Structures are given as C-alpha cells and as structure tokens.
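Working through the structure, step by step
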Amino acid sequence: MPDLSRLPTAPLLAAGLVGGFTLAQRTGVRPLGGAAMLGANALAARQWYAVGGAPLTAGLSAAYWAAMGVSHPLARKIGTWPSVLGVTAAAAGAAYALADRRA
C-alpha cells in the first residue's frame, strides 16, 4: 500500500469536493458523494494533525465541510460549477496556507 502521509492536502480536498459533487451528480446518490468527501477529509486529517494538532485538524475539517454547505446557496446565485470550483479553491487554499506549506 502506498504511503499517503506526504500527499499534499490541498489537492486531496479539491478531489474530495469536486469528485464528491461529480459522483453525487452522476449517480443521483448524494450519500455516495458525501462518502468520497469523508474519505478525503480522513486522509487529510491525519496530516493536519501531524502538522498542527487537534486545533488545525478541527479548523480545516470545519472549513472543508462548511465549503460544501456554502456551495448550495451560492449555486443558486452563480451556478453549480462556479460555486463548486469557488468553494473548492477556498478550502484548498486554506489547507495549503495553514498545513501544506508548513509540512
């Protein structure tokens, strides 16, 4: 099994948000998209904990899930894909700035 402990978390979160949305949209099974997001969060959380402990892990996890929540009302205003990509950029940017750059 490959060692995922050095994988940057910003692209991992981007894959979780965009991939989770795409999976839910294509299959019509929203919990499947949530499971993909949860998997990305779980992998990233291990690395965040190593870099900044519980406070960083909790903060970045909260930001990640808040991004998903914000994408829904934002999609009504700017469209689905612009919303998903915008919140993904924000969450991934936070992960890069607060964790990946420090790792």
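For the structure itself, look to the data block above.
Structural notes, computed from the coordinates. Because the structure is a prediction, the values reported are computed rather than measured.

**Observations concerning the overall build of the chain**
Across its full length, the chain holds 3 helices and 0 strands. A globule of 103 residues ought to have a C-alpha radius of gyration of about 13 Å, and the chain, at 13 Å, matches this closely. Dimensions of the chain along its principal axes, counting C-alpha atoms only, are 35 × 30 × 20 Å. The buried share among the 103 residues of the chain stands at 32%. In the chain, the proportion of contacts linking residues at least 24 apart, taken out of those at least 6 apart, comes to 71%. For the chain, the accessible surface area stands at approximately 5,900 Å², while carbon and sulfur atoms represent 68% of it.

Quick notes on the rules
- Residues numbered from 1 in each chain as written.
- Predicted model: local features only at pLDDT ≥ 70, side-chain atom pairs only at ≥ 80, totals over all residues.
- Heavy atoms only, no water.
- Helix = DSSP H or I, 4+ residues; strand = E, 2+ residues; numbered from the N terminus.
- Rg over C-alpha atoms; globule rule 2.2 N^0.38 Å.
- Buried < 20%, exposed > 50% of the residue type's maximum accessible area, 1.4 Å probe, protein only.
- Contact = heavy atoms within 4.5 Å.
- Areas by Shrake-Rupley, 256 points an atom, 1.4 Å probe, with all protein chains shown as cover.

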